[in-house]
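Chains, contacts and geometry: an overview
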Amino acid sequence: MTIVDTRTPDPKRLISGETGDWEVVIGLEVHAQVTSESKLFSGASTSFGAAPNSNVSLVDAAMPGMLPVINEECVRQAIRTGLGLKARINHRSVFDRKNYFYPDLPQGYQISQYKQPIVGEGQVTISVGPDRQGQFSDVDVGIERLHLEQDAGKSMHDQHPSMSYVDLNRSGVALMEIVSKPDMRSADEAKTYVAKLRTIMRYLGTCDGNMDEGSMRADVNVSVRRPGDAFGTRCEIKNVNSIRFLGQAIEYEARRQIAILEDGGTIEQETRLFDPVKGETRSMRSKEEAHDYRYFPDPDLLPLEFDQAYVDALARNLPELPDEKKARFEAMGLSTYDASVLVSEKAIADYFEKVAEGRDGKMAANWVINDVLGALNRAGRDIGESPVSPDQLGAIIDLIKEGTISGKIAKDLFEIVLAEGGDPREIVEARGMKQVTDTGAIEKAVDEVIAANPDKVEQAKAKPTLAGWFVGQVMKATGGKANPQAVNALVKERLGIE
């Protein structure tokens, strides 16, 4: 059956080729390890970094007579994730055997879900941007399904010159496979979507989202077509383990397919891998169709059933999710960009809320984004490692609002707290950092600057904006301690300008 997308293509989302414009169509299958202390069908630990093959039960090793037993915590986490994706929760789902050779899955098949998954259709709204005009574009990405399945182990090919080693610690760990609809039309949209999924799951505590540890990875389906045409033949890029690599893989694959089609060739449906060193995809195998896996219901597991009351109880205890938190931050006067940055990680949002409590939200956001996150990015740290606590940053903001220090002094104070720690108020007292508010002292400094620059005085009278030069000189003369508002007012008074 030919599928036709009737939506009008957005010109901004098209790729220019040698013979005209093309549209890239992207769908994603995101594999997220469930946050749980034990595996999906066994009591073995899921801890990361353990010695090879130390977290393996007899069930994981597929010893004869060993039967799987469902882990209820994994079921709860899947339902909570489905609720976070605004998806339909299926009260009855079935586990199937997916028959496929996995060298690192001892039982020789994967227990997964096929026609009857635990979570059905949902939707995630992503904000892509900002563009050159500072605008964001909202894109709705449909969720096809979320199903539970076992993860496979890990094959290591660099431990021996002629043999591969297998570590089964990951074998049997619960995975949520989140399958999107082919609603994305650019690498930026796909990157934003994966980042949004990761954020939602981190807020929920259902997956840690650590792509570098393999606990979240994506299979990317990419095809290209002329605007308005039916969907083209897709290629799947397996196991992309970073958002940056995801974007690079899509960009390369789209260009590769366009070049083939413009040269008169055809796209072969296949599975490919992305090489981050070369920045290109390469063929792995021809793509299998679903029927090749010979799915059938697992005879060792009964259908999974629960009622709406079970779902409602979980829904009542969900935390505030990124979209709701972002809307609340925007209601505080924050821009879409600032709110998006602050909700990108729950820990950042929590830090900001502590700083903003009882204070000006916009001012708090500026300090958190520009100063705290800026310093952490330069140091390669995350918000949980911030040397400046919310209380310390809040104290700096309070000192500014009280008029005890100026904005410039506050920057210097922040750097001291960042490097040395300590109570901001005590530092200001001990180091004599209070701004000068004594009108007499400020008048003296203003008069001295004006007297030393008569030529500038005449220029300022002709061009009032030059008053700012005098303000800067006075601030310099007072070591940045003079109250800027008082200086500005006195300079204009002495120069006789409005």
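This report concerns the structure included in the present document.

Conventions used here
Per chain, residues are indexed from 1 in the order of the written sequence. Since the coordinates come from a predicted model, pLDDT governs what is reported: local features require at least 70, and pairs of side-chain atoms require 80 or more to be given and counted, while whole-chain, interface and lining totals use all residues. As a rule here, side-chain values cover all heavy atoms of the structure and leave hydrogens and water aside. Runs of H or I in DSSP of at least four residues are treated as helices and runs of E of at least two as strands, each being numbered from the N terminus. Both definitions apply: the radius of gyration is a C-alpha atom measure, and the globule rule equals 2.2 Å times residues to the power 0.38. Should any heavy atoms of two residues lie within 4.5 Å, those residues are counted as being in contact. For every accessible area listed, the method is Shrake-Rupley and the probe measures 1.4 Å; residues are considered covered only by the protein chains on display. A residue counts as positive if it is Lys or Arg and as negative if it is Asp or Glu; His and the chain ends are not included. By convention, the charge on Lys lies at NZ, on Arg at CZ, on Asp at CG and on Glu at CD. Nonpolar core, defined: a set of buried Ala, Val, Leu, Ile, Met, Phe, Trp, Tyr and Cys residues in which side-chain atoms within 4.5 Å join the residues together. Relative accessibility under 20% of the residue-type maximum defines a buried residue, over 50% an exposed one, and the middle range a partly exposed one, all with a 1.4 Å probe and only protein chains included. One speaks of a salt bridge when a side-chain nitrogen belonging to Lys or Arg is within 4 Å of a carboxyl oxygen belonging to Asp or Glu. Lines fitted to the C-alpha atoms define the axes, with helices restricted to the stretch that makes contact. Angles between their N-to-C directions range from 0 to 180 degrees. An angle counts as roughly parallel when it lies under 35 degrees, as roughly antiparallel when it exceeds 145, as roughly perpendicular when it falls between 65 and 115, and as oblique in every other case. Each crossing gets its handedness from the near helix: less than a right angle anticlockwise from the far helix is left-handed, clockwise is right-handed. Think of it as three bins: nonpolar holds Ala, Val, Leu, Ile, Met, Phe, Trp, Tyr, Cys and Pro, charged holds Asp, Glu, Lys and Arg, and polar takes everything else, Gly as well. When DSSP finds two or more bridges between two strands, those strands count as paired. In plain terms, two cysteine sulfur atoms within 2.5 Å form what is called a disulfide here. For Phe, Tyr and Trp, where Trp contributes only its six-membered ring, two rings pair if their centres lie within 6.5 Å, and the inter-plane angle classes them as stacked under 30 degrees, edge-to-face over 60, or tilted in between. By definition, the arc is the one covered by directions from the helix axis to the C-beta atoms.

**Some remarks on the overall build of the chain**
The secondary structure content of the chain amounts to 15 helices and 16 strands. By the compact-globule yardstick of 23 Å for 498 residues, the chain is too spread out, its C-alpha radius of gyration being 29 Å. Here the contacts in the chain between residues at least 6 apart in sequence split such that 68% fall between residues at least 24 apart. Accessible area for the chain stands at about 24,400 Å²; split by element, carbon and sulfur atoms hold 50% of it. One finds the centroid of the 60 positive side-chain charges in the chain at a distance of 2 Å from the centroid of its 77 negative side-chain charges.

**Section: the nonpolar core**
Among the nonpolar cores identified, the biggest contains 104 residues, and L28, I118, Y193 and L393 are the most heavily contacted of them. Formed by 18 residues, the second largest nonpolar core is a distinct cluster that contains A467, V471, V487 and V491.

**Concerning the pattern of salt bridges**
A complete count under the given rule lists 30 salt bridges for this structure. Note that K362 is salt-bridged to D338, the shortest N-O span being 2.6 Å. Remark: D338 occurs in helix 6 (residues 336-343) and K362 occurs in helix 8 (residues 361-379); sequence separation between them is 24 residues. Exposure remark for K362: the relative accessible area of 32% places this residue in the partly exposed category. Salt bridges sharing common partners tie together E253, R256, E270 and R272.

**Side note on the packing of helix 7 (residues 346-356) against helix 8**
Running from N to C, helix 7 and helix 8 cross one another at 130°; their axes reach a closest spacing of 9 Å. Relative to helix 8, the element helix 7 is oriented oblique. When you trace helix 7 past helix 8, the crossing you get is right-handed. Residues I348, Y351, F352, V355 and A356 of helix 7 touch helix 8, and the partners they reach there are G361, A364, A365, V368, V372 and L373. A class-by-class count of the residues in the contact of helix 7 with helix 8 yields ten nonpolar, one polar and no charged.

**Let's talk about the pairing of strand 4 (residues 96-99)**
Residues in a regular strand project their side chains so that they alternate between the two faces of the sheet. Across the two faces of strand 4 the burial is the same, with D96 and K98 and R97 and N99 all buried. Bridge analysis of strand 4 against strand 5 (residues 109-112) gives four bridges, and the strand direction is antiparallel. When the sheet's bridge partners are listed, K98 is paired in strand 5 with Q110.

**Considerations on the state of the cysteines**
Note: disulfide means a covalent bond formed between the sulfur atoms of two cysteine side chains. Tallied over the full model, the rule gives zero disulfides. Looking at the unpaired C207, the closest cysteine sulfur is the one in C74, lying at 12 Å.

**Concerning the packing of aromatic side chains**
Per the counting criterion, the structure on display carries eight aromatic pairs. On the basis of an interplanar angle of 75° and a centroid distance of 5.9 Å, the ring pair of Y293 and Y295 is categorised as edge-to-face. Y293 gets classed as buried once you look at its relative accessible area, which sits at 10%. Geometrically, the ring pair formed by W367 and F414 is tilted, given 5.9 Å between the ring centres and 55° between the ring planes.

**Concerning helix 14 (residues 467-477)**
Every buried residue belonging to helix 14 is among A467, F470, V471, V474 and M475, and all of these are buried. Buried positions in helix 14, seen along its axis, are confined to an arc of 135° and lie on one side of it. When the buried face of helix 14 is taken as reference, the exposed residues oriented beyond 90 degrees from it are K476 and A477. Residue G479 follows helix 14 closely and has a positive phi angle near 65°.

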